[in-house]
Amino acid sequence: MGLYPWELNFIMDTYTSYQMNEETWEQLRSVTQAPNAPAQKQRCQANARERDRTQNVNMAFNTLRHLIPTEPADRKLSKIEILRLAGSYITHLDNQLYTGDMEQPCLKKSDTVYKTSLCTFCWSTLKKKK
DNA sequence: TAGGCCATCTGGTCCT
DNA sequence: AGGACCAGATGGCCTA
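Calculation rules
Residues numbered from 1 in each chain as written. Chains lettered and ligands numbered in written order. Predicted model: local features only at pLDDT ≥ 70, side-chain atom pairs only at ≥ 80, totals over all residues. Heavy atoms only, no water. Near = heavy atom within 4 Å. Polar contact = N/O pair within 3.5 Å; in protein donor to acceptor, adjacent residues only side chain to side chain. Nonpolar A, V, L, I, M, F, W, Y, C, P; charged D, E, K, R; others polar. Helix = DSSP H or I, 4+ residues; strand = E, 2+ residues; numbered from the N terminus. Expected span 1.5 Å × (residues − 1). Buried < 20%, exposed > 50% of the residue type's maximum accessible area, 1.4 Å probe, protein only. Arc of directions from axis to C-beta.

Trainee: If you had to explain the protein's contact with DNA strand B to someone new, which residues and values would you point to?
Mentor: Around DNA strand B there are eight residues in total, and R43, N47, R51, N58 and K79 lie nearest to it. Each atom of DNA strand B within 4 Å of the protein belongs either to a base or to sugar and phosphate, the latter forming 71%. At 2.8 Å from a phosphate oxygen of DNA strand B is found a side-chain nitrogen or oxygen belonging to N47. In the environment of DNA strand B, a phosphate oxygen lies 2.8 Å from a nitrogen or oxygen atom belonging to the side chain of K79. Tallied by class, residues from the surface near DNA strand B come to one nonpolar, three polar and four charged.

As structure tokens, then:
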């Protein structure tokens, strides 16, 4: 296994927080030369782009997360929970907009269709009022 | 300790 | 050709 300078730079960019000492860097530099350079360079660049893209997705998730009211407000939500709750919250707001009554709890259809139940967000609002 | 969640790497596909 | 997007694989961390 060998490392090229750009790979070394990449490692330095990514892992500077690990506080590697000079000796460790010298060991890394000593293995710097490997075959198939262009392909490896392209792969490293693609990996970096993918990391950026993933970070962008995470930023979007964070933005969306802050729009969803929870109790407590800073409750940790997984990505799938964020998506599901966001959908529920949109439905909740849509119901309130439709009825025009912000005080009136909205109802959601349950799985069985025949039954209706209190919407999650109305439920938490009612709990807070008690 | 198992299961859930996540970040990262990787290769494939599609688009410009 | 190069970049964006996506899904699968993998390994680490955390919690019940």
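Trainee: Could you give an account of helix α4 (residues 79-99), with specific residues and numbers?
Mentor: For α4, spanning 21 residues, the distance from its first C-alpha to its last is 30 Å, which sits close to the expected 30 Å at 1.5 Å a residue. Turning to α4, its buried residues are I82, L85, A86, H92 and Q96. Projection of α4 onto a plane perpendicular to its axis shows the buried side chains occupying an angular sector of 130 degrees, all on one side. For α4, the exposed residues lying more than 90 degrees away from the buried face are R84, I90 and Y98.

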